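# An overview of the molecular structure
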Amino acid sequence: MLFPLGSTQRILGVPSPEESRLWGLCDHVGGSHVTLIGPHLPIRQNFLPLLVGMVLPPLRDPGNRSSGVQGGSTCGTKGGATAHPEPWCFWTLLVLTLMVLLLASLLHMEMLTPLLGGQAEGPPITNIMFLKTHKTASSTMLNILFRFAESHNLSLALPEGSRVHLGYPWLFLARYVEGMKQDSPPGQFNIMCNHLRFNLPEVQKVMPNDTFYFSILRNPVFQLESSFAYYRNFAPAFKAAPSLDAFLAAPHTYYNQSLSVVHNAYARNPMWFDLGFDPNAPVEESYVRARLADVERRFQLVLITEYFDESLVLLRHRLRWQLDDVVSFKLNFRSQRSVTSLPPEGQERAKRWCALDWRLYQHFNRTFWASLRAELGPRRLRSEVAQLRERRRVLSARCLQDDAPKNSTQITDARLLPFQSGEANILGYNLREGLDNETLRICQKMVMPELQYMAHLYTLQFPQKPPKDIPVLKA
């Protein structure tokens, strides 16, 4: 039996010590202490005996001639004989009984619903569009969605032919999806989650009307730093700059605004760009507010990278998924050696250079925490995050060699080798030896890099098509 958070006494209507003395109730309930082990953890006694102990008074010592409120007895009888209880005791017990029953009914759902991994309130949501922004832990989120799609036999809107993105950095068009034809009816696919530049009318040609839209944002300071390392060889503005500090000190020296925005998509307001907006637009209040309102209208949820576990908990609740559906290992991330720490002045420059992304992040960081407070509350959130992390720890110990990530030269299975880009040293994993077939299958999917996983799902969904050509598998 699980109980919600709160004061030990108040949670089940148990009176405080002061109230106990006033009402003639002892500090024990039914002869046993009421103890909460921790947030949402079981109490020591079964709830039914606890209620009985609260409602029925302990027997009075016949040798005690005091009247009720003394000596620790609950409801005395006149003269110590076996007469009827005093009237005040009857009414006290009646009121207490009604209070307990009322609280029990109010807390019924909390007490009967397991904290994580239990039955969700309704069927899981399966029509999902995830806008995969860049360098925001979105590869880990992609793995979660790929695993859910495969385990539930759902269809994915995958890039057609040899493509690995859905037309990025150009605005998305429905024809970029494998299987979409000019006369294809809308709503053919369950999940869309590969990189694309958001274009709602075209997305709606592919996805059902009841699709759940969500995305993820990261602090633009750290997102830009990651982009500089990862896309150093792709973005002309980054290629010309000797360092990120030098770039931010004089960005217009390296960033040619006359070029099409698609060429420098990673170099300025990349999250704003991914949403389909102009990354070079002036930061005018009316314009910014209008675009933020556009995002709020379309996306039911915007998550925050810096609070990834909290994001997974909230996402799990919104989608009505189980715990193992969202448990994940960190993917497509760099070694600390390739991470640059910007000084405070450089961080402020990054905020000014990516001012639209900064406004976007600030706004949805606020809405994210407002949603957490409204839907979960801080104590329940902490409990669910702790259980998520514990499940990840268990799976990590079961799946991973040395329970730690490896650099590319240490990875022994080419199928698990992550794509390397720019100056970033992207880490991956080796699996433990001797895993049984079912555990091996689960562990492989949890650590499989996105290119390999996409190619695997493409072959499953379109067996008549030539397989995806993944360069990392040829290395």
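My aim in this report is to walk through the structure given alongside it, one point at a time.

How each quantity is defined
Residues numbered from 1 in each chain as written. Predicted model: local features only at pLDDT ≥ 70, side-chain atom pairs only at ≥ 80, totals over all residues. Heavy atoms only, no water. Helix = DSSP H or I, 4+ residues; strand = E, 2+ residues; numbered from the N terminus. Buried < 20%, exposed > 50% of the residue type's maximum accessible area, 1.4 Å probe, protein only. Phe/Tyr/Trp six-rings, centres within 6.5 Å; stacked < 30°, edge-to-face > 60°. Contact = heavy atoms within 4.5 Å. Core = buried A, V, L, I, M, F, W, Y, C linked by side-chain atoms within 4.5 Å. Polar contact = N/O pair within 3.5 Å; in protein donor to acceptor, adjacent residues only side chain to side chain.

With that out of the way, let us pick up unusual backbone geometry. Note that the residue after Tyr 168, namely Pro 169, is joined by a cis bond; omega there is 10°. Within the secondary structure, Pro 169 is located in the loop between helix H6 (138–151) and strand S2 (191–192). Even without a glycine there, the phi angle at Asn 269 is positive, about 45°. Tracing the backbone through its elements, the reader meets Asn 269 in the loop between helix H11 (251–254) and helix H12 (270–274). The exposure class assigned to Asn 269 is buried, which follows from its relative accessible area of 2%. The phi torsion at Arg 320 lies on the positive side, around 60°, for a residue other than glycine. Mapped onto the elements, Arg 320 comes out in the loop between helix H14 (308–319) and helix H15 (323–326).

All right, on to the packing of aromatic side chains then. Taken as a whole, this structure holds 25 aromatic pairs when the rule is applied. Residues Phe 212 and Phe 214 carry aromatic rings whose centres are separated by 6.1 Å and whose planes lie at 45° to one another, so their mutual orientation is tilted. There is no split in this pair, since Phe 212 and Phe 214 are both buried. A ring pair is formed by Tyr 230 and Tyr 231, whose centres lie 4.9 Å apart and whose planes are at 75°; its orientation type is edge-to-face. Tyr 231 matches Tyr 230 in its accessibility class, with the two residues each being buried. In textbook terms, an aromatic cluster arises when at least three aromatic residues are bridged by ring pairs, as seen for Tyr 168, Tyr 230, Tyr 231, Phe 234, Tyr 266 and Phe 273.

Note that Leu 400 resides in the loop between helix H18 (378–399) and helix H19 (437–447). A C-alpha to C-alpha distance of 6.9 Å links Leu 400 and Tyr 429, two positions 29 residues apart in sequence. Leaving out residues up to four positions away in the same chain, Leu 400 has contacts with Phe 329, Leu 395, Tyr 429, Asn 430, Leu 431, Arg 432 and Val 447.

Moving on, we come to the nonpolar core. If you look at the biggest cluster of nonpolar residues, it comprises 95 residues, and the most contacted ones within it are Met 141, Met 192, Val 206 and Phe 214. Here the element with the most residues in this core is H6; it accounts for seven residues. Val 206 has contacts with Ala 157, Phe 172, Ala 174, Val 177, Met 180, Pro 186, Gly 187, Gln 188, Phe 189 and Met 192, leaving out every residue within four places of it along the chain. The next biggest cluster of nonpolar side chains, apart from the first, holds 24 residues, and it includes Leu 224, Phe 228, Ala 235 and Ala 237.

As a further point, take H19. Within an α-helix, residues lying three or four positions from one another point in the same direction, as the helix has 3.6 residues per turn. Looking only at H19, the buried set comprises Thr 439, Cys 443, Gln 444, Lys 445, Met 446 and Val 447. Next to the buried residues of H19 lie H6, H18 and helix H20 (450–461). N-cap assignment for H19: the residue whose side-chain oxygen lies 3.2 Å from the backbone N of Glu 438 is Asp 436.

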